[in-house]
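So the chains spell out like this:
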Amino acid sequence: MSTEETHHDPRLEHWLDGACRGLADSAKQRVREEITAHYLDALEHYESMGLPLAEAERNAVQELGSPRRARWRLRKVHLTASEEAVINWKPKGEEGTRTFLLYFMAAVTILSMIGMLLLSVDRVTTVGEAVEMRAFSGIFVPYGVAFPLIVVALLVKMRRAEGVRKLILQITPWLAAMGALTFYNASSGMLRDGLWYWFSNLSLLSSGYFIWLACNVFRFHQKIRNMDLPGDAPPPAGDA
Amino acid sequence: MNLKGTLPVLILRTIEREAKHGYRIAQEIKAQSKGVLDFREGTLYPALHGLEQKGLVKSNERVEKGRTRRYYRLTVDGHKALEKEHKEWKSLSMAVDAVLEGAG
């Protein structure tokens, strides 16, 4: 007993499945190996105290705590499967595709600037003798179509492993600026039309999406800051 | 007792003199604190992996009794970080003691 090959506890498997769900394969394998060794040590300890096997197994798994909490913490220090896919992704078409998508990002930015300009012209409209504030949000409708393409562009930008941290950091303020810009355009309508505007207006939803994306990209950058990534230079030898 | 935020420094202290595997680190923290500092052992590994990413600990695998174990040891940066954290903890602890004892 007490070797990884011969001992099988469904409770431990359940715990490991819960804790490792969504992690990249390399991280999953490492966590599974370490936790299994830990569990077997605990099992030995409880058996040496004279506990029956079933009780020893139960205690050893209980000592690990909540797999959900462990998963939450593991995701902070390990890549998830989707994050690993982003970093390792190599799109076809090489330079041409990337250049096109980067131009596309620039075009979206310029379009939103034009939208701002149109809005400022359209905002004040005379109705009879009264001056009414109007939001011209239609210009932002294309965002709904553009978002998935922007995300693709971001992924392509991030594909160069040697500069992935720097690129991600460059993308973050761009996204935040886009979010702020869209929010600015939509906010006049919010003041006029009340809370419902938050949910019904595409500009505001777009703004929230941009901000959310910016936060996530920045969080991703913080997470991979100290990680060994494909394409990194090997660490200096001889650390004590 | 809630170990929030203090687990990494406790880990660093535990492996200060020799390399240890996760189970032993967990047991030593509990034993040295006489059971007061209790924590769920599944959270030990994210903390260890985080310390490794920061370059404060290094790990290597060893096979013992037919079982693969990963041993963690302190790096030079880890020693410096431990020293710094220890000093900060002492001054914080003294300050809290001073307030608590003076409050009565």
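Everything below is about the structure printed above this text.
Residue positions within a chain follow its written sequence, with the count starting from 1. To read the labels, note that chains go from A and ligands from 1, taken in the order they are written. Confidence filtering applies because this is a predicted model: local features only for residues at pLDDT of at least 70, side-chain atom pairs given and counted only at 80 or more, and all residues used for totals across whole chains, interfaces and linings. With hydrogens and water excluded, all non-hydrogen atoms of the structure serve as input to the side-chain values.

Another point: the pairing of strand 3 (residues 67–74) of chain B. All names here are of chain B. The buried fraction of strand 3 amounts to 6 of the 8 residues, a majority that puts the element mostly inside the structure. Strand direction decides the pairing type here: strand 1 (residues 20–21) and strand 3, joined by 2 bridges, are antiparallel. Bridge pairing links Lys-20 to Tyr-72 in strand 3. For two strands to pair, DSSP has to find at least two bridges joining them. Numbering of helices and strands starts at the N terminus; helices are DSSP runs of H or I of at least 4 residues and strands are runs of E of at least 2. Bridge count for strand 2 (residues 57–64) against strand 3 is 8 bridges, and the pairing is antiparallel. Each residue gets one of three labels from its accessible area relative to the maximum for its type: buried under 20%, exposed over 50%, partly exposed in between, using a 1.4 Å probe on protein chains only.

What follows concerns helix 3 (residues 44–53) of chain B. Here helix 3 of chain B lies mainly inside the structure; 8 of its 10 residues are buried. Of all the positions in helix 3 of chain B, only Leu-44, Tyr-45, Pro-46, Ala-47, Leu-48, His-49, Gly-50 and Leu-51 of chain B are classed as buried. Note on contacts: a residue pair qualifies if any of its non-hydrogen atoms lie within 4.5 Å across the two residues. Buried residues belonging to helix 3 of chain B abut helix 2 (25–48) and helix 4 (67–77) of chain A together with helix 1 (7–14), helix 2 (22–32), strand 2 and strand 3 of chain B. Backbone geometry just downstream of helix 3 of chain B places Gly-55 of chain B in the positive-phi region, at approximately 80°.

Moving on: the pattern of salt bridges. Residue and element names in this part refer to chain A. In the sections that follow, a salt bridge refers to a side-chain nitrogen of Lys or Arg positioned within 4 Å of a carboxyl oxygen of Asp or Glu. Evaluated as defined, the whole model comprises 19 salt bridges over all chains. Residue Glu-34 pairs with Arg-30 through a salt bridge whose shortest N-O separation is 3.2 Å. A residue pair is termed a helical-turn pair when its members lie 3 or 4 positions apart in one helix, as Glu-34 and Arg-30 do in helix 2 at 4 residues. The buried category is assigned to Arg-30, whose relative accessible area is 18%.

Here we come to the interface of chain B and chain A. Each side of the interface is counted separately: chain B has 30 residues, and chain A has 32 residues. For the pairing of chain B and chain A, the buried interface totals around 2,500 Å² over both sides, and the portion due to carbon and sulfur atoms is 47%. Among the residues chain B hides against chain A, the three largest losses belong to Tyr-23, Gln-53 and Arg-67 of chain B. Together they make up 28% of the total. Across the contact surface, chain B and chain A share 5 salt bridges. Close ionic contact of Arg-69 of chain B with Asp-41 of chain A constitutes a salt bridge, the shortest N to O distance being 2.3 Å. Think of a polar contact as two N or O atoms within 3.5 Å of one another; within protein, one of them needs to be a possible hydrogen donor and the other a possible acceptor, and neighboring residues in sequence only count if both atoms come from side chains. There are 15 residue pairs in polar contact (both at pLDDT 80 or more) connecting chain B and chain A. Accessible surface is computed with a 1.4 Å probe, and the buried area is the amount of it that two parts give up when combined, taken over both parts together.

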